[in-house]
Amino acid sequence: MNSIRIDGDITLGGLFPVHGRGSEGKACGELKKEKGIHRLEAMLFALDRINNDPDLLPNITLGARILDTCSRDTHALEQSLTFVQALIEKDGTEVRCGSGGPPIITKPERVVGVIGASGSSVSIMVANILRLFKGQELLICNSIGAKCFAKLLKQLKATGAKKGPRVLCSALSQRQGSDGAAGPGPREMEPHGAVFITDPCSLSWAPQAIGVQRLSRRAKPIPQISYASTAPDLSDNSRYDFFSRVVPSDTYQAQAMVDIVRALKWNYVSTLASEGSYGESGVEAFMQKSREDGGVCIAQSVKIPREPKPGEFDKIIRRLLETSNARAVIIFANEDDIRRVLEAARKANQTGHFFWMGSDSWGSKIAPVLHLEEVAEGAVTILPKRMSVRGFDRYFSSRTLDNNRRNIWFAEFWEDNFHCKLSRHALKKGSHVKKCTNRERIGQDSAYEQEGKVQFVIDAVYAMGHALHAMHRDLCPGRVGLCPRMDPVDGTQLLKYIRNVNFSGIAGNPVTFNENGDAPGRYDIYQYQLRNGSAEYKVIGSWTDHLHLRIERMLWPGSGQQLPRSVCSLPCQPGERKKTVKGMPCCWHCEPCTGYQYQVDRYTCKTCPYDMRPTENRTGCRPIPIIKLEWGSPWAVLPLFLAVAGIAATLFVVVTFVRYNDTPIVKASGRELSYVLLAGIFLCYATTFLMIAEPDLGTCSLRRVFLGLGMSISYAALLTKTNRIYRIFEQGKRSVSAPRFISPASQLAITFSLISLQLLGICVWFVVDPSHSVVDFQDQRTLDPRFARGVLKCDISDLSLICLLGYSMLLMVTCTVYAIKTRGVPETFNEAKPIGFTMYTTCIVWLAFIPIFFGTSQSADKLYIQTTTLTVSVSLSASVSLGMLYMPKVYIILFHPEQNVPKRKRSLKAVVTAATMSNKFTQKGSFRPNGEAKSELCENLEAPALATKQTYVTYTNHAI
């Protein structure tokens, strides 16, 4: 077995990955210059310093037994059995020398503590061995098969012991024993003790070949201090109680990496781990911390097999690309696997796609990224806080083949480092390899950079030295050298002293251990950057309980200082809510808040209050604009024009009638009803101003009163007139006596009675439902809230409007019926025909009003259209009455005063007879001059009363 032996009063064990993992059945592979030789030399450097320090372990020399783990846990297990050989009592009862005497067995040096190992999986294997010797009987069997082992257990049980001894097999096959039987797994052996499985058995079953070795009853566990193992599993004090480490647990490292991921605003990452305790437990710790802290999701977790097949790394890259949004990859892997992953990424033409975040196994090493600088550019790595040990640099640079013969692997390092061969026989013809001259110098003829864990190797050796010093001070006070109480050293006691050390390490950092043997978490954060063609690891931050990250110092491939994205889903825009994907809180779909909804929080949309609408970005609500018909609106131009013109015309007619109040035409028109009708027409025009005015209590009250009142007055007067004409002619057909209630007073009484019904209905409406203005937000609540408006209006619904105008419509229809009945009155008689034409035209106007008004109830311009339609219809109705009934009279009064003269008087019978006969000769009457076409019926209706003693009643011309 290749190992370094250094004699001393106290011997420390050392485990270092001097070589990499072998392939094709070989245990060891290529030499590891940094991780192997640098770290090994750091232990030798620390031993030299302690042995030369008069204040630390004076008069006590530390020796060493250093072994190569070959970066393989099973190989390290076999190697570490060397440390427990001194604890084993060789059973030589079956062995005899040639002379027949018992054999002489040389007892190896006793190891009191172990420095190492490097990999977590190796440390776990070794820790399980070193802690087993806790006063129990242990049987160590070498090179036996599965059947052999089963028989051995059977024999052990046959001894009758209540609790069997613990059994350790150094070469029991996990796959198949030498006897062809499948090897048992560790769980099958647990009832009988701890079992460790390494290489296949090479010996068949034979009693003499078992070689059972019994552990000395005085044996104690061996404490272990690792300089690089960071797996969280090793913090389990119930399983690895004799394990300590000067590097922080990956639990701290995982927390630091989660903090970095969150600081870079990444929430969707993949993980990549080498199979084994370090990689798997590191990733598990990262995933656990990400779940606890929240905000980071794992896209997928990929494992690198311990023995990867050809093309395995290409398959890993293809799998990582399945979740292409997860561009950040968290790596807990050894440097060999890291390098092969980078090579596979370059092969797949994915340079710049992935953003790597490496654990301390990557750190600031050159080997994983050598000739892969572009693929690794931007990688963020983490490394326990360290400083370069200048004393070690001087020491290592001075090492030569002559002054470093104690390192049996140094010659191999020399050849590898200087690319030369020490032996001429190793040189091949035609090769460019030169012969070593021993004049080469490290750092001058070759590149040199101190490996990152050198500081921790030195601190681990010093921790063991300080613990032994404190133990010697307590157990051997005043004694020079070792005393019997420390011969041998009790591992259980030594562990207590190790856990209590507190000193300043080689780099100035305090070295302490917690109750689980872990060092405090202190990390430096690096980024691998390319600047002007040169690559370097640049410190961008640190982590000690919390993160300090200098993001402005970071550089990313292709984007400079702009942070790259590694997110499952892009952030939702304002006004969009997140709908998370089940089981993946970092992935979501963005759904816009629709309609009148606004964004309450990231996950909720809520409808705005009825009088509000969402803002432009839908992050809140704002009041809906309130509209009303303005005076300057285009919709108000026509109604106002008609109203103003109508009012002016009405006033002109009134003034004319007042001025010519005593003329025959004015008298014949029925002055009282004419003025009532003109008042109704005036109110119809004035209603337009009430409809356009801003709705309030007063305006709305006046609308209720005058909107229907003006029309009621107009149609009540016209109805009274048409009714009187109808009754006069109907009465005249039967007798010569005048009908009742045709006097002016009676006519006014009838008209005001009809009007009072309208007023009574309005009063009842006021009592039942007091008038007020409202803002109707439903009237123009469009699908697009941007166009929503609140309409300020009076509380007059469409149904209320129908009821309000219904009575006026009834008067209008009744008046029209009478106009139809009196259609037989000749044109030469009175106003029957003009009233008929007025009512026909009015009906047409209101028949057009109904579909326009109610057909636009869903229009966005409902307020404007309906108000305009209503006011124009009312104004047109008034204009028709004014134009057809009064304008001809005004025309005659002003421009043809010669026709404004009284006609001769005739009896009622004569008038009726003439009217009857005129139906037969309408064509003749149509050719009469305008003044002569007027009837002569009832010329003296303005007389006080009908003379009872006279045989004939006289009427003034144009009496109706």
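Counting restarts for each chain: residues are numbered from 1 in the order of the written sequence. This being a predicted model, a pLDDT of at least 70 is required before a residue's local features are given, and a value of 80 or more before pairs of side-chain atoms are given or counted; all residues contribute to the totals for chains, interfaces and linings. Working from all heavy atoms in the structure, the side-chain values ignore hydrogens and water.

(A) Expanded view of the UniProt feature "transmembrane region" (unreviewed entry) in the protein. The UniProt record marks residues 635-661, 673-693, 705-726, 747-768, 799-820, 832-854 and 874-896 with the feature "transmembrane region" (unreviewed entry), using the residue numbering of this structure. Under the DSSP-based scheme used, a helix requires at least four consecutive residues in state H or I and a strand at least two consecutive residues in state E, with every element numbered from the N terminus. Regarding residues 635-661, the helix share stands at 93% and the strand share at 0%, and the terminal C-alpha atoms are separated by 39 Å. Regarding residues 705-726, the helix share stands at 100% and the strand share at 0%, and the terminal C-alpha atoms are separated by 31 Å. UniProt positions are given in the numbering used here, feature names are shortened, and annotations may be inferred rather than shown by experiment.

(B) Spotlight on the sheet that holds strand 32 (residues 773-780). Strand order in this open sheet of three strands is 31-33-32, and the pairing throughout is mixed. Two strands in the sheet have a free side with no partner beyond their single neighbour: strand 31 (626-627) and strand 32. Here strand 31 runs beside strand 33 (residues 789-794); their pairing, made up of two bridges, is parallel. The residue of strand 33 that forms the bridge with Ile627 is Val791. Strands pair, by our definition, only if DSSP identifies at least two bridges between them.

(C) Seen up close, the environment of Arg781. With respect to the helices, strands and loops of the structure, Arg781 is situated in the loop between strand 32 and strand 33. Taking relative accessible area as the criterion, Arg781 reaches 25% and is therefore assigned partly exposed. Linking Arg781 and Val791, residues 10 residues apart in sequence, is a C-alpha distance of 9.9 Å. We call two residues contacting when some pair of their heavy atoms lies within 4.5 Å. Excluding anything up to four places from it in sequence, Arg781 contacts Tyr596, Tyr610 and Ile624. For this analysis, a polar contact is any N or O atom pair within 3.5 Å, provided that within protein one partner can donate a hydrogen and the other can accept it, and provided that sequence-adjacent residues contribute only side-chain to side-chain pairs. A polar contact of 3.2 Å, which involves the side chain of Arg781, links it to the backbone oxygen of Tyr610. Here's how the labels work: a residue is buried when its accessible area is under 20% of the maximum for its type, exposed when over 50%, partly exposed in between, all with a 1.4 Å probe on protein chains only.

(D) Examining the packing of aromatic side chains more closely. Think of it this way: a Phe, Tyr or Trp ring, Trp meaning its six-membered ring, pairs with another when their centres are within 6.5 Å, and the plane angle makes it stacked under 30 degrees, edge-to-face over 60, tilted otherwise. Under the defined criterion, the tally for this structure stands at 23 aromatic pairs. With a centroid separation of 5.6 Å and 25° between ring planes, the pair formed by Phe396 and Tyr448 is classed as stacked. Of the two residues, Phe396 is situated in helix 11 (residues 390-397) and Tyr448 in the loop between strand 19 (434-435) and helix 13 (454-475); the sequence distance between them amounts to 52 residues. Its relative accessible area of 0% is what places Phe396 among the buried residues. The class for Tyr448 is partly exposed, based on a relative accessible area of 23%. A ring pair is formed by Trp635 and Tyr864, whose centres lie 6.2 Å apart and whose planes are at 15°; its orientation type is stacked. Remark: Tyr864 occurs in helix 22 (residues 862-885) and Trp635 occurs in helix 15 (residues 634-659); sequence separation between them is 229 residues. Criterion for a charge above a ring: Lys NZ or Arg CZ within 6 Å of the ring centre, and within 35 degrees of the ring normal. Positioned over the ring face of Trp588 is Lys578, at 3.8 Å from the centre of the ring. Directly above the aromatic system of Tyr660 lies the positively charged group of Arg659, at a separation of 5.0 Å from the ring centroid.

(E) Local environment of empty space enclosed by the protein. Think of a 1 Å grid over just the protein atoms. A cavity is a set of points where a 1.4 Å probe fits yet cannot get out, a pocket is an open set with protein on both sides within 12 Å along at least five of seven lines, and lining residues have an atom within 4 Å of a point. Grid points are joined across faces, edges and corners, and a volume is the space filled by probe spheres set on the points. All chains considered together, the criterion is met by five cavities of 30 Å³ or more. Within this model, the largest cavity holds a volume of roughly 140 Å³. If you trace the largest cavity, you find 14 residues lining it, with Val246, Phe456, Pro510, Ala519 and Arg522 closest to the centre. When residues of the lining of the largest cavity are traced back to their parent elements, those giving at least two are helix 13 and strand 21 (510-511). Examining the composition of the lining of the largest cavity, we find that three residues originate from one element, helix 13, more than from any other. Per-class residue counts for the lining of the largest cavity are eight nonpolar, three polar and three charged. Under this grouping Gly is polar, as are all residues other than the nonpolar Ala, Val, Leu, Ile, Met, Phe, Trp, Tyr, Cys and Pro and the charged Asp, Glu, Lys and Arg.

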